[in-house]
Amino acid sequence: MQTQLLKTFMPKGDKEIFAYIGSYNLRISEKIQQLEAIKQKGIVRQLLTNGIVHMILALEIEQHNEDTKNGITNFGSLSRGEMDTINELSNFIQNYPEIKYTLAYLSKKGGMSPAKLQEGFKLLHNRTVSDFIRNTRVETAENLLKTTDLNISEIVYTVGLTSRSYFSKIFKEKYNCSPKYYQENQYSVAVTA
């Protein structure tokens with residue numbers, strides 16, 4: 001394994017110092033948080049630490065290979081803290097899709113410029129901020145169609161939209177059917193499944 005790692009990360013041997021700054025990876029971030037949260041002592045701590053460190057190494061190698069394949073070698077001008085903020089804002093939007101979000105509001109809430117906010121959403125979600133909000137609202141609406149008895153107008157307002165026709169349009173783009181058709185056929189789909 002050591003030979004393979006050296007070949008991957010130090011292709012010119014010891015002649016050159018290897019440095020790599022890759023794309024931000026939420027899975028690696030979660031593993032690092034797990035590593036910091038270990039409370040056990042002794043051999044249990046050592047085994048847990050070794051396991052998580054090996055997972056981080058595997059994820060780093062996977063990320064390096066993916067970045068190399070896609071030609072990405074860094075994550076622009078964003079720091080790790082800013083990427084964490086983008087992740088928190090994403091979770092906030094998913095938890096509260098009904099809020100009337102603006103780029104200015106989210107920029108102020110995150111303490112970063114609109115350009116950095118857009119860059120972060122593109123890196124984490126491969127979407128602009130407005131695309132992410134719209135997608136979150138449509139997915140929340142789809143879940144409400146499946147799990148509640150709310151009518152379509154009520155669902156439209158519950159997810160923060162004001163136009164039923166606009167909602168129908170973006171819903172149809174994502175799910176290839178109208179919200180009404182989707183809602184009416186949930187039971188028949190469940191019975192046949």
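Everything here concerns the structure above.
Read on for an overview of the structure. Not measured: the values here are computed from a predicted model. (Residues numbered from 1 in each chain as written. Predicted model: local features only at pLDDT ≥ 70, side-chain atom pairs only at ≥ 80, totals over all residues. Heavy atoms only, no water.)

With that settled, the discussion passes to the overall build of the protein chain. Secondary structure assignment for the protein chain yields 11 helices and 0 strands. Shown N-terminal to C-terminal, the secondary structure of the protein chain runs as helices and strands in the order α-α-α-α-α-α-α-α-α-α-α. Across the 193 residues that make up the protein chain, the buried fraction comes to 31%. When contacts within the protein chain are restricted to residue pairs at least 6 apart in sequence, long-range pairs at least 24 apart make up 63% of them. (Helix = DSSP H or I, 4+ residues; strand = E, 2+ residues; numbered from the N terminus. Buried < 20%, exposed > 50% of the residue type's maximum accessible area, 1.4 Å probe, protein only. Contact = heavy atoms within 4.5 Å.)

Formed by 15 residues in total, the largest nonpolar core has its most connected members in Ile93, Leu106, Leu117 and Phe121. Looking at this core, the elements with two or more residues in it are helix 4 (80–95), helix 6 (114–125) and helix 7 (129–147). In terms of residue count, helix 4 provides more of this core than any other element does, 5 residues in total. Beyond its immediate stretch of four places on either side in the chain, phenylalanine 121 contacts Ile86, Leu89, Ser90, Ile93, Asn126, Arg127, Thr128, Val129 and Phe132. (Core = buried A, V, L, I, M, F, W, Y, C linked by side-chain atoms within 4.5 Å.)

Looking now at unusual backbone geometry. Positive phi, normally seen in glycine, also occurs at asparagine 126, with a value near 55°. Mapped onto the elements, asparagine 126 comes out in the loop between helix 6 and helix 7. On the basis of relative accessibility, which here comes to 63%, the residue asparagine 126 falls in the exposed class. With a phi angle near 60°, asparagine 176 is a residue other than glycine that sits in the positive phi range. Structurally, asparagine 176 is set in the loop between helix 9 (164–175) and helix 10 (179–184). With a relative accessible area of 66%, asparagine 176 lands in the exposed category.

In the contact formed by helix 7 and helix 9, the axes pass within 10 Å of each other and the chain directions differ by 85°. Here helix 7 lies roughly perpendicular to helix 9, going by the angle between them. Mapping the contact onto sequence places Arg134, Asn135, Val138, Glu139, Ala141, Glu142 and Leu145 in helix 7 and Tyr166, Phe167, Ile170, Phe171, Lys174 and Tyr175 in helix 9. Class assignment for the residues of the contact of helix 7 with helix 9 results in 8 nonpolar, 1 polar and 4 charged. (Axes fitted to C-alpha atoms, helices over the stretch in contact; angles between N-to-C directions. Parallel < 35°, antiparallel > 145°, perpendicular 65-115°, else oblique. Nonpolar A, V, L, I, M, F, W, Y, C, P; charged D, E, K, R; others polar.)

Counted by the stated rule, this structure contains 6 salt bridges. Residue arginine 134 is joined to aspartate 131 by a salt bridge in which the shortest nitrogen-to-oxygen separation is 2.3 Å. Placement of the pair is arginine 134 and aspartate 131 together in helix 7, with a separation of 3 residues, close to one helical turn. Between glutamate 184 and lysine 180 there is a salt bridge, with the nearest N and O atoms lying 3.3 Å from each other. A residue pair is termed a helical-turn pair when its members lie 3 or 4 positions apart in one helix, as glutamate 184 and lysine 180 do in helix 10 at 4 residues. A residue is classified by how much of its surface remains accessible, and glutamate 184, at 49% relative accessible area, is partly exposed. A relative accessible area of 46% means that lysine 180 is categorised as partly exposed. (Salt bridge = Lys/Arg side-chain N within 4 Å of Asp/Glu carboxyl O.)

The next thing to look at is helix 5 (residues 103–110). All of the buried residues in helix 5 are Leu106, Ser107 and Gly110. Projected down its long axis, helix 5 carries its buried residues within an arc of 100°, all on one side. Away from its buried face by more than 90 degrees, helix 5 exposes Ala104 and Lys108. Each element contacted by the buried residues of helix 5 is listed here: helix 4, helix 6 and helix 7. Looking one or two residues past helix 5, glycine 111 carries a phi angle of roughly 70°, positive in sign. (Arc of directions from axis to C-beta.)

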